[in-house]
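# A closer look at the structure
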Amino acid sequence: MDSREPLRTPPPALALSARTADLLHVLGGPGRRRTLRPLRIGAKAAIVDRLGREDLPVPASFALDARVFARFVETSLPRGHDLGAAIKEARTGAPDRAA
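Residues numbered from 1 in each chain as written. Predicted model: local features only at pLDDT ≥ 70, side-chain atom pairs only at ≥ 80, totals over all residues. Heavy atoms only, no water.

## Considerations on the overall build of the protein
As a reminder of what qualifies: Strands here are runs of E lasting at least two residues and helices are runs of H or I lasting at least four, both read from the DSSP assignment and numbered beginning at the N terminus. Throughout this description, buried means an accessible area under 20% of the type-specific maximum (1.4 Å probe, protein chains only), exposed means over 50%, and partly exposed covers the range between. Any two residues whose heavy atoms approach within 4.5 Å are treated as being in contact. In this description, accessible areas are obtained by the Shrake-Rupley approach with a 1.4 Å probe, and a residue is regarded as covered only by the protein chains that are shown.
Helix and strand content of the protein: five helices and two strands. Order of helices (α) and strands (β) in the protein, N terminus to C terminus: α-β-α-α-β-α-α. Each of the 99 residues in the protein was classed as buried or not, and the buried ones make up 20%. Taking the intrachain contacts of the protein between residues at least 6 apart in sequence as the baseline, contacts between residues at least 24 apart amount to 41%. Only carbon and sulfur atoms are counted for the fraction: they give 60% of the accessible area of the protein, which is about 7,500 Å².

Quick look at the structure:
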């Protein structure tokens, strides 16, 4: 396979369990009917997926399901913090006192 050729299916070395395949989406691939929703993979990834399904050349790519990020945030943020406050604190360096 030419390295510039779009990735149609995961190579055998990337064989995924059913659970992992539900959370890691290979983008593109002509003839694939399943549409990946932007809320699950993000708008840019959904566009790359749609273009690849329409047989336009797209880079070999994948997207993590939004549930992976949500689970990471839930387990990583201190109890009682929300993502918006954490982003604001990261930008300003000061905690959000109004929250």
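## A look at the confidence of the model for the protein
The test is simple: Confidence of the predictor at the level of single residues is given by pLDDT, which spans 0 to 100.
Summing up the model confidence of the protein, the mean pLDDT is 76 and the portion of residues at 70 or higher is 73%. Taken element by element, the predicted model of the protein shows its lowest mean pLDDT in helix H1 (residues 18–23) (74) and its highest in helix H3 (residues 43–53) (90).

## Quick word on the pattern of salt bridges
Our working definition: Within this document, salt bridges are pairs made up of a side-chain nitrogen of Lys or Arg and a carboxyl oxygen of Asp or Glu, the two lying within 4 Å of each other.
Throughout the structure, instances matching the rule amount to four salt bridges. With its nearest N and O atoms 2.9 Å apart, the salt bridge here joins Asp 65 to Arg 67. With relative accessibility at 1%, the residue Asp 65 sits in the buried group. Connected via shared salt-bridge partners are Arg 40, Asp 65 and Arg 67.

## Notes on a nonpolar patch on the surface
Cut-off, in case you're wondering: Here the term patch refers to residues with relative accessible area over 30% and no salt bridge, with like charges joined within 9 Å and nonpolar side chains (Val, Leu, Ile, Met, Phe, Trp, Tyr) within 5 Å.
A surface patch of nonpolar side chains, about 390 Å² in accessible area, is lined by Phe 69, Phe 72, Leu 83 and Ile 87. Looking at the nonpolar patch, the elements with two or more residues in it are helix H4 (66–76) and helix H5 (83–92). As for its position among the elements, Phe 69 is in helix H4. According to the relative accessible area criterion, Phe 69 is partly exposed, its value standing at 48%.

## A few points about the environment of Pro 57
Mapped onto the elements, Pro 57 comes out in the loop between H3 and strand E2 (62–64). Sequence spacing of Pro 57 and Gly 28 is 29 residues, and the spatial spacing of their C-alpha atoms is 8.9 Å.

## What to know about unusual backbone geometry
One non-glycine residue, Asp 55, lies in positive phi territory at about 65°. As for its placement among the helices and strands, Asp 55 is situated in the loop between H3 and E2.

## Quick look at H3
The following threshold applies: For this quantity, the arc is that covered by the directions from the helix axis to the C-beta atoms.
Residues of H3 that are buried: Ala 45, Ala 46, Asp 49, Gly 52 and Arg 53. Buried residues of H3 fall within an arc of 130° about the axis and therefore sit on the same side. In this structure, H3 carries Ala 43 and Lys 44 as exposed residues pointing more than 90 degrees from its buried face. Those residues of H3 that are buried lie in contact with strand E1 (24–26), helix H2 (38–41) and E2. In the segment just after H3, Asp 55 is the residue with positive phi, at about 65°.

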